[in-house]
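# Overview (structure and organization)
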Amino acid sequence: MTGQLAGVSIDNVNLYFGNNHVLKDVTLEIEPGEFFTFLGPSGCGKTTLLRLIAGFGKAQSGRIRIGTEDVTDLPPWKRNVGMVFQSYALWPHLTVRRNVAFGLEERRLPRPEIRQRVDAALELVGLLELGERRPSQLSGGQQQRVALARTIVVEPQVLLLDEPLSNLDAKLRVQMRQELLELQRKLALTTIFVTHDQEEANTTADRIAVMEAGVIQQVGTPAELYDNPTNRFVASFLGTANFIDGTLSEKKGQTVFRSGSGIEIPLKPGQLHAVKGDGAGEHSVMFRPQSVVIQSAGAARQQQGKVTIKGAVRHREFLGSTIRYAVSVGDTVILVEDSHRRGEAPHNIGADVELNLASEQVILLSG
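Reference entry: report on the structure contained in this document. (Residues numbered from 1 in each chain as written. Predicted model: local features only at pLDDT ≥ 70, side-chain atom pairs only at ≥ 80, totals over all residues. Heavy atoms only, no water.)

## Considering the overall build of the chain
Helix and strand content of the chain: eight helices and 20 strands. Here the chain holds 367 residues, and the buried ones make up 47% of them. Across the chain, contacts joining residues at least 24 apart in sequence account for 67% of those joining residues at least 6 apart. Of the roughly 17,900 Å² of accessible surface on the chain, 47% is carried by carbon and sulfur atoms. Of the side-chain charges in the chain, 40 are positive and 41 negative, and the distance between the mean point of each set is 3 Å. (Helix = DSSP H or I, 4+ residues; strand = E, 2+ residues; numbered from the N terminus. Buried < 20%, exposed > 50% of the residue type's maximum accessible area, 1.4 Å probe, protein only. Contact = heavy atoms within 4.5 Å. Areas by Shrake-Rupley, 256 points an atom, 1.4 Å probe, with all protein chains shown as cover. Lys, Arg positive; Asp, Glu negative; His and termini not counted. Charge placed at Lys NZ, Arg CZ, Asp CG, Glu CD.)

Structure follows, in structure tokens:
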């Protein structure tokens, strides 16, 4: 029931609010039928970029295309996009059916066609039997479905979602993001989703653009961004990470990362893409807590390609399926996530431990 599939092209967009450079040379290609997410902290420019695509604002430079059409200078009502706002923006005095029909009535479509399309949209979101209720008589999840039905009933080429799940409780958010993804797959509708929630982005998006301070930091699939972040911001925003600062040196013909606390990690040529020039100066490495194996002191055996690090348990958190340890290694603290197994005693606070880390799990970062 949607319009013709179309991708979205954003070319060298720059936006200023006064002297504040809000969006900085943003360039993106969003494929037709893709579920694409803008992810970043509050104030990073993700909602501003979404509103530019919708036509609610104009950048000082750059172009935006939907499909083959340049829409940069078109007003919102001449762009075939549908937007679901964070607040849902439902008319409180209109029934569910009238809310969904509103856009079609504004387009002056024949009444039989409006009735048919409204029925189809309400059935798609599971609200056909609630058509005569008003928004105040619905739950938060039902109101969100009405907002979705009202948007897709006009058959947009692109669906824009501005943090539509943020008003729901945690359990309902999980349910609704699954339903949202199923709906998007059923319609094969190009969808752009704005969120600050890493879990929402990871569980729904085909690809993610991580934004910070108006800049696209990195674009990729959730797994690509998590496993291969290009900088410290992306690594930390996509999940818990360990960062260790140090320098590079040569040892027996191999590049070795060495921290001030004495941690040494041999690096392979494929891990050195972030090195510029001769590699002199400060560098940092990143690895995830679940990449580290924790054992009692003396239990770990040095294995080829793996690094053994000695430390002491400083802090411990029970997280249900996992136990998170903070291990002191000199003046460095390394986070470790170990699977919780029933009947198995955890490492005590203050206990000496050894950490086993495969060197291929380590990423040398550029910043």
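## Quick look at the sheet that holds strand S4 (residues 61-66)
Judged by pairing direction, the sheet is antiparallel, and its four strands sit side by side in the order S2-S1-S4-S5 without closing on themselves. At either end of the open sheet lies a strand with only one pairing partner, and these are strand S2 (20-30) and strand S5 (69-70). In this structure, strand S1 (residues 8-17) lies alongside S2, joined through seven bridges in antiparallel fashion. Of the residues in S2, the one forming a bridge with Leu15 is Leu23. (Pairing = 2+ DSSP bridges.)

## Remarks on helix H2 (residues 96-106)
If you check which residues of H2 are buried, you get Val96, Asn99, Val100, Ala101, Gly103 and Leu104. Looking at the buried positions of H2, the neighbouring elements they touch are helix H3 (111-124) and helix H4 (140-152). Downstream of H2 by one or two residues, Arg108 has phi in the positive range, about 60°.

## Focus on the layout of surface pockets
The volume enclosed by the largest pocket comes to roughly 610 Å³. Class assignment for the residues of the lining of the largest pocket results in 11 nonpolar, three polar and four charged. (1 Å grid on protein atoms, 1.4 Å probe; cavity = no way out; pocket = protein on both sides within 12 Å on 5 of 7 lines; lining within 4 Å. Points joined across faces, edges and corners; volume = space filled by probe spheres on them. Nonpolar A, V, L, I, M, F, W, Y, C, P; charged D, E, K, R; others polar.)

## Side note on unusual backbone geometry
The backbone of Asn12 sits at a positive phi, close to 50°, despite the residue not being glycine. Following the sequence through the fold, Asn12 ends up in strand S1. In this structure, Glu155 is a non-glycine residue whose phi angle is positive, near 55°. Along the chain, the position of Glu155 falls in the loop between H4 and strand S7 (158-162). By relative accessible area, Glu155 is classed as partly exposed at 25%.

## Observations regarding the environment of Val81
On the secondary structure map, Val81 appears in strand S6 (residues 81-84). The spacing of Val81 and Thr191 is 110 residues in sequence and 9.8 Å in space, taken between C-alpha atoms. With sequence-adjacent residues up to four places away left out, Val81 is seen in contact with Ala54, Ile66, Pro156, Val158 and Leu160.

## Looking at the nonpolar core
Among the nonpolar cores identified, the biggest contains 35 residues, and Val100, Val118, Leu122, Val146, Leu148, Val153 and Leu161 are the most heavily contacted of them. Among the elements of the structure, H2, H3, H4, S7 and helix H5 (170-187) are those that each provide at least two residues to this core. Once residues lying within four places of it in the same chain are set aside, the contact partners of Val118 are Arg97, Val100, Ala101, Leu104 and Val153. Counting residues in hydrophobic clusters, the runner-up holds 31 residues, among them Leu15, Ala59, Ile192 and Val194. (Core = buried A, V, L, I, M, F, W, Y, C linked by side-chain atoms within 4.5 Å.)

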